[in-house]
Amino acid sequence: MYDSPHQFEPLLPTVNKDVLLHKASGIVQSAIALTSVGHRSSRDAVRELVRSINSYYSNRIEGQGTHPANIERALNQDFSNQPDIAQLQRIALAHIDAEKELERRVEEGQSAVQSDFLLAAHEALYSRLSQADRTTKDGHIVEPGALRTKAVKVGRHVPPAPESVPLFLKRMDEVYGQEKGWERKLIAIACLHHRAAWVHPFVDGNGRATRLQTHCALWPLSGGLWSSSRGLARAQQDYYARLINADAPRRGDLDGRGNLTAAGLTEWVDFFLGVCEDQVNFMTRMLDLDGMKQRIEALITYRAAHDKEIRPEAILPLHHLFAAGPVSRGDFVQMTGLGERTGRTLLARLLATKLVVSDSARGPVHFGLPLDALYLLLPELYPEANTRNPES
């Protein structure tokens, strides 16, 4: 039984550090560039979508995913009549709302790499659920933000004794909050993800809380425009395998000087950085202005062939909304080059299909990202959204 913090050293990589730093540097540069693509309002729309994506994929990892259409309905307070599906909707909505709360904490200056933030993540999620919704299949009631008070076993791994969990968390705080520069911070966030999972501070909900913490630790770099949870879920077998490998004891005299494997930790960090690199590069391609213009054109051309109220004249003003931001309704109609009545009919149809959105009945219009258009606007970002909903 682990009961002393020296037993989960090393907490940072001790081998191949230069290789990891070089990889992290490329991710940081690409991520910073991505935060200025398109207009702020368009990036806001992407952030809202990514929150739903985070909820979908993080819950799916835990075997509690629900169809993206059900998540969208939950956001509109439309819950299924089927109790099991409604419960999954509530869990998805709780994740989204918890993520928003935690992002605000980061923006207000709270450090997301400290253990108190991990406890806050757990509490933010589970405090939004009724006792029934946070009762596990074996009858355990998950207490929001409460450290476990009993010994547990996770597969072959036996986490630290419950009375020593605070000591392990304190040691994590001493190490991970000290890293300077985004390259080193990114590596520390990867290590924190594993070591938090290894400590297993809660009886249940460790995976979700850890991924929420990771998302928020990345928030100042990602701007919420890409999702580590999406990448981890799409490589779920490798995700679990790399975590398990990094749990192992030191493999011999050439495997660092700590109690746990240094090589396994480095392999985990390299995997995690690869996930981040893939997600940043993917979203960079998706949000490229020229690429988005082509996809808007493809979408409108297809819809115009099947909907007489959709016209090709929508292509340029839609791209303008994405790249340059909101405009008045009158300006949007003028940008189409159509007559007043025809242009307003077109705008009304775009609003009805949520390709264009507005905060009020007469307010400026923004670029929209409805689920049923993602397969063309942001292909492969959220492919499950374009599948048949078996739960409907």
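Starting from 1, residues in each chain are numbered consecutively following that chain's sequence as written. Only residues with pLDDT of at least 70 are given local features in this predicted model, and only at 80 or more are side-chain atom pairs given and counted; all residues enter the totals for whole chains, interfaces and linings. The basis for the side-chain values is all heavy atoms of the structure; hydrogens and waters are excluded.

Trainee: Explain the overall build of the chain here, please?
Mentor: A tally of helices and strands in the chain yields 16 helices and 2 strands. For the chain, the C-alpha radius of gyration of 23 Å lies close to 21 Å, the compact-globule estimate for 392 residues. Seen through its C-alpha atoms, the chain measures out along the principal axes to roughly 75 × 50 × 35 Å. Should any heavy atoms of two residues lie within 4.5 Å, those residues are counted as being in contact. Counting contacts in the chain only where the partners sit at least 6 residues apart, residues at least 24 apart contribute 68% of the total. Computed over 46 positive and 47 negative side-chain charges, the inter-centroid distance for the chain is 2 Å. For helices the rule is a DSSP run of H or I covering at least 4 residues; for strands it is a run of E covering at least 2, with both sets numbered from the N terminus onward. Within these notes, the globule rule equals 2.2 Å times the number of residues to the 0.38 power, and the radius of gyration is based on C-alpha atoms. In this tally Asp and Glu are treated as negative and Lys and Arg as positive; neither His nor the chain ends contributes. A single reference atom marks each charge: NZ on Lys, CZ on Arg, CG on Asp, CD on Glu.

Trainee: How do you make sense of the packing of helix H4 (residues 83-107) against helix H8 (residues 206-222) when you look at a structure like this?
Mentor: Pairs of packed helices are described in terms of their axes, by the angle between the two and the distance that separates them. Axes here mean lines fitted to C-alpha atoms, for a helix over just the part in contact, with angles spanning 0 to 180 degrees between N-to-C directions. Between H4 and H8, the least distance of the axes is 10 Å, while the angle of their chain directions is 40 degrees. The orientation of H4 with respect to H8, classified from their angle, is oblique. The two elements H4 and H8 cross, and the hand of that crossing is right-handed. Only Arg208, Leu212, His215, Cys216, Trp219 and Pro220 of H8 make contact with H4, whose side of the interface consists of Ile91, His95, Glu99, Leu102, Glu103, Val106 and Glu107. Roughly parallel here means an angle under 35 degrees, roughly antiparallel means over 145, roughly perpendicular means 65 to 115, and every remaining angle is called oblique. Throughout, a crossing is termed right-handed when the near helix is turned clockwise from the far one, and left-handed when it is turned anticlockwise from it by less than a right angle.

Trainee: Before we go on, may I ask you to explain helix H13 (residues 315-324) in this structure?
Mentor: Since the α-helix turns once every 3.6 residues, residues separated by three or four places project in the same direction. For the exposure calls, accessible area comes from a 1.4 Å probe over protein chains only, and a residue counts as buried if that area is under 20% of its type's maximum, exposed if over 50%, partly exposed in between. Among all positions in H13, only Ile315, Pro317, Leu318, His319, Leu321 and Phe322 are buried. Remark: Gly325 follows H13 within two positions and exhibits a positive phi of approximately 105 degrees.

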